[in-house]
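# Coordinate inspection notes
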Amino acid sequence: MSAHLQAPKGTRDLFGNDVRDFAVLETVARQVFSLYSFEEVRTPIFEHVELFARSLGDTSDVVQKEMFSFTDRGERTFALRPEGTASIVRYFIEQNLAVKGGSHRLFYMGPMFRAERPQAGRYRQFWQIGCEYFGSAEPSADADIVIILATILKSFHIGDFSIHVNSLGCKTCRQAYRETLLGYLKGKESILSAESKERMTKNPLRVLDSKVDGPKLGDAPVMKDHLCGACRAHYGQFLSLLTSASFKVEENPRLVRGLDYYNGPVFEVVSPLLGAQSAVGAGGRYDELVSSLGGARVPAVGFALGMDRVVLAHQKLEKSALPVDGNGLLIIPMVDDALPVAFALAHELRSLGYRVPPVSAKKKLKNQLSLAVDLGANWAILIGEDELKTKEITLKNLQTRTQEKIAMKDVATQLKKQRTVR
Ligand code: AMP
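Residues numbered from 1 in each chain as written. Predicted model: local features only at pLDDT ≥ 70, side-chain atom pairs only at ≥ 80, totals over all residues. Heavy atoms only, no water.

## Topic: the sheet that holds strand E14 (residues 392-397)
If you trace the four strands from one edge of the open sheet to the other, you get E12-E13-E14-E15, paired in mixed fashion. In this open sheet, the two edge strands, each paired with only one partner strand, are strand E12 (329-333) and strand E15 (402-407). Neighbouring strand axes in the sheet, compared pairwise and without regard to direction, differ in orientation by 25 degrees on average. Here E12 runs beside strand E13 (residues 379-383); their pairing, made up of five bridges, is parallel. Its bridge partner lying in E13, isoleucine 332 is registered against leucine 382. Taken strand by strand, helix H12 (residues 339-351) contacts E12 and E13, and its axis lies near 165 degrees from that of E12. (Pairing = 2+ DSSP bridges. Helix = DSSP H or I, 4+ residues; strand = E, 2+ residues; numbered from the N terminus. Axes fitted to C-alpha atoms, helices over the stretch in contact; angles between N-to-C directions. Contact = heavy atoms within 4.5 Å.)

## Regarding unusual backbone geometry
At serine 37, a residue that is not glycine, the phi angle is positive and equals roughly 50 degrees. Within the secondary structure, serine 37 sits in the loop between helix H1 (17-35) and strand E1 (39-40). Given the relative accessible area of 42%, serine 37 is considered partly exposed. The phi angle at serine 246 is positive, at roughly 65 degrees, despite the residue not being glycine. (Buried < 20%, exposed > 50% of the residue type's maximum accessible area, 1.4 Å probe, protein only.)

## Looking at H12
Taking 1.5 Å per residue, 13 residues should reach 18 Å; H12 reaches 18 Å between its end C-alpha atoms and fits that length. Of the positions making up H12, those classed as buried are Ala342, Leu345, Ala346 and Leu349. Viewed along the axis of H12, the buried residues span an arc of 105 degrees, placing them on a single side of the element. For H12, exposure combined with an orientation more than 90 degrees from the buried face picks out Pro340, Phe343, His347 and Ser351. (Expected span 1.5 Å × (residues − 1). Arc of directions from axis to C-beta.)

Listed below in structure tokens is the structure:
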């Protein structure tokens, strides 16, 4: 097939178990969010490119090299959203929600787009579920956000995972720490990679995060030891609230986030089942973002989880299957004349809640019966010449392999009876 007719590099078609698992994950997340009174928002898949450039920061990888941007016929430049927070903050500002005061809790789910180098668990179109909690500067809001993420992951069954946490401090203490770190890194410049040298000038905190250079910098000063009194107290309370709710976290003083807008507590959740791309979700506090995009000074904290990876971890533990709920049923017209009766019966039984795939008079009985098994059907209804004459059908129980004749008008009642006996 010509390359242009294949799915673009780094994208994939979801089908079967994947789609089913995505849908279940969405349902689980909606249930958990509703327990914390979060409301869903659906924003456009593309936004003005400036929104991302201004919110994610010019030094972030996403803005520098990963955005899918395009110019429309009116010479306006847009980008496919690379993440969800910028759009939700734009929505928050545009709707003037800050004027109402109090706190606002919003969540979203949908596809995101980044021109990254594809590999297992890393795609150019991937799905995120995320939330943003506006209007609370309290450590309990940070703790709630971590707990919501962990609860979704637990409820969806992805096995063990670890929650890594750190604090990035506020503008003031981070600036002082940045200087201290820069001084340290200058002394090590000769052993640093070109990428780290570039990061040093733009965002030195990210040098510690580097897979190549991080291990060489074991004695580097860490943010945690340079937090101001307020940031240290906030971080301490965040940790103790998580402990009081029995959530185990691991402090990782080198955890920084790839996006520039974070301050205060940040976190990342990692699954041991996933190899190189093991982060299943991450987030943190971002108190300056709303005002830096032209809104009021409103503190906020949020997370995003990667649905593709969460589903991957889940599938390593459990294979999802078609529902075996006793509702599947196949109707097989054995002769052409039986089609109208079969067609009408299929319609009637679906309206009663049975899962009945489309009826066909053209397929061989044997093929149809094996299809029934594939579909997780419990019964087959056969309608042939004899059945048309006697106005009865043959009801085959595919599990017990028994069959019986039933008057056509009694099919629904008989099925219901059998179902309660099962
Ligand atoms: P981020 O917005 O970079 O903090 O990412 C949050 C979560 O989204 C990560 O922990 C991953 O689970 C997921 N994620 C980010 N980028 C990708 C990608 N390219 N492909 C698949 N999942 C991703």
